[in-house]
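# Per-entry structural report
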Amino acid sequence: MEFCVSLRDLSVSFGSRQILKGVNVDFPCRKVTVLLGRSGSGKTTLLRSINRLNESFDGYRGYGTGRVFLDGVLRPISGSGSLPLSILRRKVGMVFQSPNPLPLSIGKNILLPLALVAGKEGEEGKDAMKKALEEVGLWREVSDRLDRPASSLSGGQQQRLCLARALALTPEILLLDEPTSSLDRAAGRRIEELIFSLRERYSILMVSHSLSQAQRLGDYFAILTEGTLNGLLPASELPHGAEAETFIANLL
Amino acid sequence: MRKREMSLLLLSRLSALLVLGVLGGLLAFLISRGGPVLGKELFFGDTPPLEALLGLRPVWNGLWPAVAGTLFLLLLTMAFAVLPGIGCGVYLSCFASPREKYWLSLAVDLLAGIPSIVMGLFGFLLIIFLRRTLLPRGSTGMLLAAFCLALLVLPSLIVATRSSLEALPDSLLLAAEALGFSRGQTLRHVLLPAAGQGILGGVMLALGRAAEDTAVIMLTGAVASAGLPGGLTSKFEALPFAIYYTAAQYADRAELDRGYGAALVLLCLSGGLLFLSWRLQRNLERRWKGVR
Ligand SMILES: Nc1ncnc2c1ncn2[C@@H]1O[C@H](COP(=O)(O)OP(=O)(O)OP(=O)(O)O)[C@@H](O)[C@H]1O
Ligand SMILES: [Mg+2]
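Residues numbered from 1 in each chain as written. Chains lettered and ligands numbered in written order. Predicted model: local features only at pLDDT ≥ 70, side-chain atom pairs only at ≥ 80, totals over all residues. Heavy atoms only, no water.

### Notes on the overall build of chain B
From N to C terminus, chain B includes 13 helices and 0 strands. Going from the N terminus to the C terminus, chain B shows its helices and strands as α-α-α-α-α-α-α-α-α-α-α-α-α. Across its three principal axes, chain B shows a C-alpha extent of roughly 65 × 65 × 40 Å. Looking at chain B residue by residue over its 292 residues, the buried ones come to 40%. In chain B, of all internal contacts separated by at least 6 residues, the share reaching a separation of at least 24 is 73%. Accessible area for chain B stands at about 16300 Å²; split by element, carbon and sulfur atoms hold 68% of it. Put simply, chain B has 25 plus and 16 minus side-chain charges, and the middle of one group is 6 Å from the middle of the other. (Helix = DSSP H or I, 4+ residues; strand = E, 2+ residues; numbered from the N terminus. Buried < 20%, exposed > 50% of the residue type's maximum accessible area, 1.4 Å probe, protein only. Contact = heavy atoms within 4.5 Å. Areas by Shrake-Rupley, 256 points an atom, 1.4 Å probe, with all protein chains shown as cover. Lys, Arg positive; Asp, Glu negative; His and termini not counted. Charge placed at Lys NZ, Arg CZ, Asp CG, Glu CD.)

### Focus: the site of ligand 1
Residue and element names in this part refer to chain A. Around ligand 1, the structure places 14 residues, and the nearest of them are Arg17, Ser39, Lys43, Thr44 and Thr45. Secondary structure elements with two or more residues in the shell around ligand 1: strand E2 (17-28) and helix H1 (43-50). It is H1 that contributes the most residues to the shell around ligand 1, 3 residues altogether. (Near = heavy atom within 4 Å.)

### What to know about the side chain of A:Lys43
Residues and elements named next belong to chain A. As for its position among the elements, Lys43 is in helix H1. Within the structure, the side chain of Lys43 is placed 3.1 Å from the backbone oxygen of Gly37, a separation counted as a polar contact. If we skip the residues at most four places from it in the chain, Lys43 touches Leu35, Leu36, Gly37, Arg38, Glu178, Val207, His209 and Leu224. (Polar contact = N/O pair within 3.5 Å; in protein donor to acceptor, adjacent residues only side chain to side chain.)

### Details of the interface of chain B and chain A
Of the residues lining the interface, 18 residues belong to chain B; the matching set on chain A comes to 22 residues. It is B:Leu174, B:Ala178 and B:Leu179 in chain B that bury the most area against chain A; as a group they hold 30% of the surface buried on that side. Of all the secondary structure elements, the ones that give two or more residues to the side of chain B that touches chain A are helix H8 (170-178), helix H9 (183-194) and helix H13 (253-289) of chain B. Considering every element that reaches the side of chain B that touches chain A, the biggest residue donor is H8(B), with 6 residues. Across the side of chain B that touches chain A, the residue classes break down as 9 nonpolar, 5 polar and 4 charged. (Buried area = accessible area lost by both parts, 1.4 Å probe. Nonpolar A, V, L, I, M, F, W, Y, C, P; charged D, E, K, R; others polar.)

### Here's the deal with the packing of helix H3 (residues 106-117) of chain A against helix H4 (residues 122-135) of chain A
Residue and element names in this part refer to chain A. Between H3 and H4, the shortest axis-to-axis distance is 9 Å and the interhelical angle comes to 125°. As judged from the angle between their axes, H3 and H4 are oblique. In this structure, the crossing between H3 and H4 has a hand that is right-handed. Residues Gly107, Ile110, Leu111 and Leu114 of H3 lie in contact with H4, whose contacting residues are Gly125, Lys126, Ala128, Met129 and Leu133. Looking at the contact of H3 with H4 residue by residue, the classes come out as 6 nonpolar, 2 polar and 1 charged. (Axes fitted to C-alpha atoms, helices over the stretch in contact; angles between N-to-C directions. Parallel < 35°, antiparallel > 145°, perpendicular 65-115°, else oblique. Left-handed = near helix turned anticlockwise from the far one by under 90°.)

### Remarks on the confidence of the model for chain B
Across chain B, the average pLDDT comes to 90, with 100% of residues at or above 70. Among the prediction metrics, the complex's ipTM stands at 0.91, with pTM recorded as 0.86. (pLDDT = per-residue confidence, 0-100.)

### So, the pattern of salt bridges
Going through the model one piece at a time under the given rule, you end up with 15 salt bridges over all chains. Note that A:Asp26 and A:Arg8 form a salt bridge whose closest N and O atoms lie 3.1 Å from each other. With A:Asp26 in strand E2 and A:Arg8 in strand E1 (residues 3-14), the pair connects residues that are 18 residues apart, well separated along the chain. Close ionic contact of B:Glu166 with B:Arg162 constitutes a salt bridge, the shortest N to O distance being 3.2 Å. Within this pair, B:Glu166 and its partner B:Arg162 are both found in helix H7 (residues 142-166), separated by 4 residues, close to a single helical turn. Overall, the relative accessible area of 40% leaves B:Glu166 in the partly exposed class. One salt-bridge network, held together by shared partners, links A:Glu141, A:Arg160 and A:Arg190. (Salt bridge = Lys/Arg side-chain N within 4 Å of Asp/Glu carboxyl O.)

### A short note on the nonpolar core
Residue and element names in this part refer to chain A. Judged by nonpolar contacts, the single largest core of 64 residues is most densely connected at Leu133 and Ile204. The residues touching Ile204, leaving out its near neighbours within four places in the chain, are Lys31, Val32, Thr33, Leu174, Leu176, Ile195, Leu198 and Arg199. Counting 32 residues, the second-largest nonpolar core is a separate cluster that includes Val68, Ile77, Met94 and Phe96. (Core = buried A, V, L, I, M, F, W, Y, C linked by side-chain atoms within 4.5 Å.)

### Remarks on the environment of B:Pro115
Residues and elements named next belong to chain B. Within the secondary structure, Pro115 is located in the loop between helix H5 (98-113) and helix H6 (116-132). Among the residues examined, Pro115 registers a relative accessible area of 44% and is labelled partly exposed. Along the primary structure Pro115 and Leu152 are separated by 37 residues, whereas in three dimensions their C-alpha atoms are 8.4 Å apart.

### Comments concerning unusual backbone geometry
All names here are of chain A. For Arg52, which is not a glycine, the phi torsion comes out positive at approximately 60°. By the element assignment, Arg52 lies in the loop between H1 and strand E4 (60-70). One non-glycine residue, Glu226, adopts positive backbone phi at about 45°. By the secondary structure assignment, Glu226 is in the loop between strand E9 (220-224) and strand E10 (229-230). By relative accessible area, which is 66% here, Glu226 ends up exposed.

### With respect to the pairing of E2(A)
All names here are of chain A. The pairing of E1 with E2 spans 9 bridges and is classified as antiparallel. Counterpart to Leu10 in the pairing with E2 is Val23. Sheet topology note: the E2/E10 ladder contains 2 bridges and is parallel. Note that in E10 the partner of Val23 across the bridge is Leu229. (Pairing = 2+ DSSP bridges.)

Structure, rendered in structure tokens:
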């Protein structure tokens, strides 16, 4: 199996508290892997260690090795031989639990990162923006109000804007941290459909609180218990219907 | 409990009214005394306005040189103060270690606590020291006054920048970093513009403080009559000093009214500058946000 992220004995602590305690896992390429685990088990921390976002927090310390497969090359996430931080983050896009558009207009939310991180400005930037907005089905809704504040969009639209912002930077891996948890059911479904349509082109690691959502989307499951994670569970090995719930509950 | 809430409400209402009342009273008084004397006579004396504006002929008994002096002084002061003020605020909120933060903010608080007359004395002693050592021909003047005024207003810029940056939500920083922005890009393109409103507040405070201060400039180069500002090292006239001088030396009621006129002019001048900086900030913010 080809993998996009490989973690070995990954441990993370903040201050004196150890959050991740030796994670060993290979996440497959161009599949949806759903991370499951109790609240506080370290799912967000695990995602953030892949784009090195943990380093932005006080008291962070990390051990172990992590490697990413990007542009056809396997490289360490940090340390010698790793990609520059801004390129790593460009290639590993992230969408947060609650929508976090920048306090700018809808258009500039995508144009600014394109200009600063990807060096795409002017017409080139506008084309890339249009493409990304089309990819998330937002272009028709916002094309005539690109200069309105992003905060004027609905929650679901904002979340799609954030996804488009990540997609515009042409990532290979997407980290989705409970992308539907702050949305109502219809908007959540919309995002799910989107994730489903992206699965063949991107490697997707997604945290989910909803088992049914995980079952709808996941090709693989990873179960995080008290900061440890060992291996993946293919969707085919998961029992169907209500049994799945007790099966997972036993693992958590 | 209800009663307490009611009295609290009443108290805060009254305080708000008090501010409005005091401001209104002050304005009404200034306008009633100073308003009638406003006119080209007040600014230019007997000199033809056009020639005075172009600096072709000196103005002897008008406010124009003081207006020009104050404008020039403010410009120079802000040129000295804005960059270090904002820079130090950025350092304090984004880069300083806890230890540095402690000592640096203590230093800023101390600087903020220095009375302006002490700052004026400092400038005066500084130029005496310089005359004995590096600059035997140095003298008090525009440059020295602007430097001391800049020291005086620096803390308000630092504090405003720091607190408005620290008030930004962490999620903003995280969003920018997750997109791959470098530290500098995040600061330049996201955090500083988002804190713009608060920083502008600091700039306004600094402008107002520098415009009204008399104690510093009295000791560092302002004089009662010097004509239009002649250069960086020459003596100059300034509105607050003109007001102070008139109030201390007036001979008759007409002269005192001209003092009120000068106060009104100073008020309009700083009001105008505040308005300009507000407009500038609003335009910059619109450009940044990309919002029509
Ligand atoms: N920056 C930080 N500083 C200190 N502790 C942290 C930090 N980030 C996370 N933690 C702690 O690490 C633990 C795991 O947090 P994390 O956000 O990874 O959990 P999670 O599995 O995503 O939970 P949830 O499902 O509620 O989102 C929590 O107990 C949290 O308090
Ligand atoms: Mg989480």
